[in-house]
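What follows is the residue order along each chain.
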Amino acid sequence: MAESESGADKSEEPTEKRRRESREKGQLARSRELNTVAVTLGGIGGLLASGAGLAQSLMAMMRGAFELDRQTALSESSMISLLAHSGMIALEAIIPLLVVLLIVSIIGPISLGGWLFSGKAMAPKFSRMNPGAGLKRMFSAKALVELLKALGKFLVVLAVGLLVLSAYQDDLLSIAKQPLELAIAHSVEIVGWCALWMACGLILIAAVDVPFQLWDNKQKLMMTKQEVKDEYKDSEGKPEVKSKIRQLQREMAERRMMQAVPDADVVITNPTHFAVALKYDADKGGAPMLVAKGGDFLALKIREIAQEHSVTVLESPALARAVYYSTELEQEIPAGLYLAVAQVLAYVYQLRQYQAGRGKRPDPLGNLPIPPDLRRDA
């Protein structure tokens with residue numbers, strides 16, 4: 001199990017944030033052995049595929065360069081044109097191979113970890129110039145793994161080379177009896193196939209190195225329990241900060257709520273534990289809306305503001321509890337309370353008429369109709 005610099009066990013899987021930051025820094029699983037195999041196989045395969053044409057182009061270039069008459073050999077301008085012509089022949093012959101090498105040199109690295117361009121990875125790091133850190137890397141477990149890989153590559157290539165040479169032994173001996181041009185072509189073919197088989201031997205090293213690089217990169221990203229907690233705090237916010245924000249939000253909501261109480265039509269109380277303020281706008285239609293509610297001290301504050309602004313305060317414990325628990329601020333009351341609230345608003349209207357000297361005193365409200373599903377016991 002990996003350990004952090006503080007000695008704590010890195011037992012937790014890396015989070016998405018940790019993976020994303022690692023990718024932004026260019027810290028991905030990369031295998032040099034996979035890149036080497038891709039470039040080697042691509043180069044040798046391209047050489048075998050275009051070898052015949054390449055050999056013919058080079059032979060034509062050499063004939064043109066060495067089969068010169070006396071006048072051409074003594075002319076400086078002829079030498080320059082001949083050199084340019086030979087260069088064009090060589091370039092045309094080698095371009096297909098260069099294209100193949102370019103493609104495999106791109107495919108090799110991105111096949112493990114994908115495409116990534118990171119400016120942070122390219123930035124200079126003076127910590128890499130630290131001799132102590134360099135010695136530590138030289139004698140680290142990763143350096144030992146690299147040494148074993150190099151030794152493994154040597155042994156694998158040696159073994160495959162011996163097997164290939166023994167398989168082509170007869171062909172190599174027959175080259176001495178062949179004409180020059182045929183012997184050269186045959187030699188190139190044998191060398192190409194030998195190199196291809198030896199490069200295929202490197203696939204074994206890459207097959208071991210790729211899983212190791214994936215495992216090693218994951219171990220570097222592993223996190224301790226404390227790191228996971230710290231990251232959660234940083235992303236979600238520290239509890240004390242979140243608590244302070246919630247407190248400020250509650251205070252702002254309470255201030256807005258208290259500012260709405262003077263415009264309410266009626267405040268219904270428990271009478272001491274709950275208070276709800278309702279407002280009905282006949283012009284807009286719809287149902288009465290809850291503009292303020294609170295319990296205990298907040299309920300007392302709502303009643304005080306209502307009395308200061310001559311808002312009617314009624315005691316109806318059952319209705320106050322029903323509205324308090326069933327309705328959110330600035331929301332309409334549920335349909336089940338329409339009849340009960342309508343009776344309350346009608347009573348408030350009649351009471352205002354009476355107080356203005358334009359009607360008789362309304363009868364006190366009796367038991368209001370509250371559905372059982374909305375009723376809350378004290």
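Residues numbered from 1 in each chain as written. Predicted model: local features only at pLDDT ≥ 70, side-chain atom pairs only at ≥ 80, totals over all residues. Heavy atoms only, no water.

1. As for the overall build of the protein chain
The following threshold applies: Under the scheme used here, helices are H or I runs from DSSP no shorter than 4 residues and strands are E runs no shorter than 2 residues, and both carry numbers assigned from the N terminus. Only protein chains enter the calculation, and the probe is 1.4 Å; a residue is then buried if its accessible area is under 20% of its type maximum, exposed if over 50%, and partly exposed in between. Only heavy atoms enter the contact rule, under which two residues are in contact if any of them lie within 4.5 Å. Exposure was quantified through the Shrake-Rupley algorithm and a 1.4 Å probe, taking into account, for residues, occlusion by the shown protein chains and nothing else.
Across its full length, the protein chain carries 14 helices and 4 strands. Burial status across the protein chain gives 29% buried among its 378 residues. In the protein chain, 72% of the contacts between residues at least 6 apart in sequence involve partners at least 24 apart. Just so you have it, the protein chain exposes about 24900 Å², and 61% of that area is on carbon and sulfur atoms.

2. Quick notes on the UniProt feature "transmembrane region" (unreviewed entry) in the protein chain
This is how it is decided: UniProt positions are given in the numbering used here, feature names are shortened, and annotations may be inferred rather than shown by experiment.
Look at the UniProt record and you will see "transmembrane region" (unreviewed entry) annotated at residues 37–61, 97–118, 147–168 and 190–215. Along residues 147–168 the backbone is 95% helical and 0% strand, and the end-to-end C-alpha distance reaches 31 Å.

3. Some details on the sheet that holds strand 1 (residues 266–269)
For clarity, the threshold we go by: Two strands qualify as a pair provided that DSSP identifies no fewer than 2 bridges between them. Orientation is described by axes fitted as lines to C-alpha atoms, over the contacting stretch for helices, and by angles from 0 to 180 degrees between their N-to-C directions.
The mixed open sheet is built from 4 strands, whose spatial order is 3-2-1-4. Both outer strands of the open sheet, strand 3 (289–295) and strand 4 (312–315), are each paired with one neighbouring strand and no more. Neighbouring strand axes in the sheet, compared pairwise and without regard to direction, differ in orientation by 20° on average. Across 6 bridges, the pairing between strand 2 (residues 274–279) and strand 3 is antiparallel. From the neighbouring strand, phenylalanine 274 faces strand 3, where its bridge partner is glycine 295. Its contacts with the sheet place helix 13 (residues 317–326) against strand 1, strand 2, strand 3 and strand 4, and it is angled at close to 75° to strand 2.

4. What to know about a nonpolar patch on the surface
Quick reminder of the rule: Patch membership is restricted to residues that have no salt bridge and whose relative accessible area is over 30%. Joining uses 9 Å for like charges and 5 Å for the nonpolar side chains Val, Leu, Ile, Met, Phe, Trp and Tyr. One speaks of a salt bridge when a side-chain nitrogen belonging to Lys or Arg is within 4 Å of a carboxyl oxygen belonging to Asp or Glu.
A cluster of nonpolar side chains, contributed by Met88, Leu91, Ile94, Ile95, Leu98, Val99, Ile103 and Ile107, occupies part of the molecular surface with about 680 Å² of accessible area. Among the structural elements, valine 99 can be located in helix 4 (residues 76–110). Accessibility expressed as a relative area gives 43% for valine 99, which makes it partly exposed.

5. Examining the nonpolar core
Stated precisely, the cut-off is as follows: Residues belong to a common nonpolar core when they are buried Ala, Val, Leu, Ile, Met, Phe, Trp, Tyr or Cys residues joined through side-chain atoms within 4.5 Å.
In terms of nonpolar packing, the biggest core is built from 24 residues, with Val266, Ile268, Leu278, Leu319, Leu337 and Val344 touching the most fellow members. Elements with a contribution of two residues or more to this core: strand 1, strand 2, helix 13 and helix 14 (338–355). Element by element, the count of residues in this core is highest for helix 14, at 7 residues. In contact with leucine 337, not counting residues within four places along its chain, are Leu319, Ala322, Val323, Ser326, Ile370, Pro371 and Leu374. Counting residues in hydrophobic clusters, the runner-up holds 15 residues, among them Val261, Val291, Ala292 and Leu298.

6. Here we look at helix 9 (residues 180–221)
How we decide: By this rule, a helix spans an expected 1.5 Å times one less than how many residues it contains. A residue's bend is given by the angle between axes fitted to the 7 residues ending at it and the 7 residues starting at it.
Between its first and last C-alpha, helix 9 extends 60 Å over 42 residues, near the 62 Å set by a 1.5 Å rise per residue. Bending of helix 9 peaks at approximately 30° at the position of isoleucine 205.

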